[in-house]
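If you want the building blocks of each chain, they are given just below.
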Amino acid sequence: RKKILIPAGATVIIILAVLAWRQCGYWKNDYILFKHACLVTKNNYLALNNLGLDVFEEGNILDALDYYNRAIKIMPNYTGAYINRGNAYAKLGQYNRAIDDYKKALKLQPDFAEIYYNRGTTYGEFSHFQSAIKDFNKAIILKPDYTDAYYNKGVIYAKLGQHNKAIEEFDNTIRLNPYHALAYHSRGVAYFLQGNNKDGCQDARTICEWGNCQLLEFAKGKGYCY
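Note that this is a predicted model, so its numbers are computed, not measured.

Q: So what about the overall build of the protein? Which residues, and what values?
A: On a plain count of helices and strands, the protein comes out with 13 helices and zero strands. Put simply, the protein runs from its N terminus to its C terminus through helices and strands in the order α-α-α-α-α-α-α-α-α-α-α-α-α. Of all 226 residues assigned to the protein, the portion counted as buried reaches 40%. When the accessible surface of the protein is summed, it comes to about 13,500 Å², and 54% of that surface belongs to carbon and sulfur atoms.

Structure, rendered in structure tokens:
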């Protein structure tokens, strides 16, 4: 009995090892994994969406759009694909198409803070500043600790020349993340534009301690800081 079972067991182990070795090859990277998933399954919209994300990260925006389109064709109510396709359109500068996709995503999932944030960022890209502020406010209502939403709202107020409001939003950003270097930099610039050199220099010195002395050197050159 042992003479029969031991060779048979060894054969099974060898077969399983070969199969495992082949299967591990599909885990070499995300692209190969999800590509394999599309080949061995039917209408796998999740794999298509993930393929889109992978090639998007590589900078292949048009290929990403193709994967997102295919995912949406299979599953028209898949929120994630609309968000990701909107991000791809925004990356290409096709802002109206991006906004349309974010609107579709919000119809499917109206309580998703990231969609409002993405749409607000896109509105800001083509100077629809009031719409951007409204979306950032909605994102913050849904997610009160949304640091990036506070920061980008501050940037919009700065572009509008409303420096007090910009500083308030940068204050909120720093309250949530005391090491947010961009918020210190932007707040410092806003202070300088108000003529508040004392607080502007303080922010410039703070980020200089972290290795970014550009603002401080500029302020010194202008005579704002000593």
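Q: Residue-level account of unusual backbone geometry, with values.
A: As a rule of thumb, non-glycine residues mostly have phi less than zero, and peptide bonds are mostly trans rather than cis. Not every positive phi belongs to a glycine, and Ser127 is a case in point at roughly 65 degrees. Along the chain, Ser127 falls in the loop between helix 7 (113-125) and helix 8 (129-142). Overall, Ser127 belongs to the partly exposed group, its relative accessible area being 48%.

Q: Tell me about the pattern of salt bridges, residues and numbers included.
A: Inspection of the entire model under this criterion finds seven salt bridges. Taking the shortest distance from any N to any O, the salt bridge between Asp135 and Arg119 comes out at 2.6 Å. Linking Asp135 in helix 8 with Arg119 in helix 7, this pair joins segments that are 16 residues apart in sequence. Judged by its relative accessible area of 10%, Arg119 is buried. Asp171 is the salt-bridge partner of Arg187, the closest N and O atoms lying 2.6 Å from each other.

Q: Lay out the packing of helix 7 against helix 8 with the relevant residues and their values.
A: Helix 8 packs onto helix 7 with a crossing angle of 160 degrees between their chain directions and a minimal axis gap of 8 Å. On the basis of the axis angle, helix 7 is roughly antiparallel to helix 8. The handedness of the crossing between helix 7 and helix 8 is left-handed. Of helix 8, the residues touching helix 7 (which contributes Ala113, Tyr116, Tyr117, Arg119, Gly120, Thr121, Tyr123 and Gly124) are Phe129, Ser131, Ala132, Asp135, Phe136, Lys138, Ala139 and Leu142. The class makeup of the residues in the contact of helix 7 with helix 8 is nine nonpolar, four polar and three charged.

Q: Can you explain the side chain of Thr206? Please cite residues and give values.
A: If you trace the backbone, Thr206 turns up in helix 12 (residues 197-209). According to the relative accessible area criterion, Thr206 is buried, its value standing at 15%. At a separation of 2.9 Å, a polar atom in the side chain of Thr206 contacts the main-chain carbonyl oxygen of Gln202.

Q: Describe in detail the environment of Leu46, supporting the description with residues and values.
A: You can see Leu46 is positioned in helix 3 (residues 45-57). Accessibility expressed as a relative area gives 41% for Leu46, which makes it partly exposed.

Q: I'd like to hear about helix 10 (residues 163-176), residue by residue, with values.
A: Helix length check: helix 10 (14 residues) gives 20 Å between terminal C-alpha atoms against 20 Å at 1.5 Å per residue, within 8%. Listed in full, the buried residues belonging to helix 10 are His163, Ala166, Ile167, Glu169, Phe170, Asn172, Thr173 and Ile174. The secondary structure elements touched by the buried residues of helix 10 are helix 9 (147-159) and helix 11 (181-194).

Conventions we followed
- Residues numbered from 1 in each chain as written.
- Predicted model: local features only at pLDDT ≥ 70, side-chain atom pairs only at ≥ 80, totals over all residues.
- Heavy atoms only, no water.
- Helix = DSSP H or I, 4+ residues; strand = E, 2+ residues; numbered from the N terminus.
- Buried < 20%, exposed > 50% of the residue type's maximum accessible area, 1.4 Å probe, protein only.
- Areas by Shrake-Rupley, 256 points an atom, 1.4 Å probe, with all protein chains shown as cover.
- Salt bridge = Lys/Arg side-chain N within 4 Å of Asp/Glu carboxyl O.
- Axes fitted to C-alpha atoms, helices over the stretch in contact; angles between N-to-C directions.
- Parallel < 35°, antiparallel > 145°, perpendicular 65-115°, else oblique.
- Left-handed = near helix turned anticlockwise from the far one by under 90°.
- Contact = heavy atoms within 4.5 Å.
- Nonpolar A, V, L, I, M, F, W, Y, C, P; charged D, E, K, R; others polar.
- Polar contact = N/O pair within 3.5 Å; in protein donor to acceptor, adjacent residues only side chain to side chain.
- Expected span 1.5 Å × (residues − 1).

No statement about biological role is implied by the geometric values presented.
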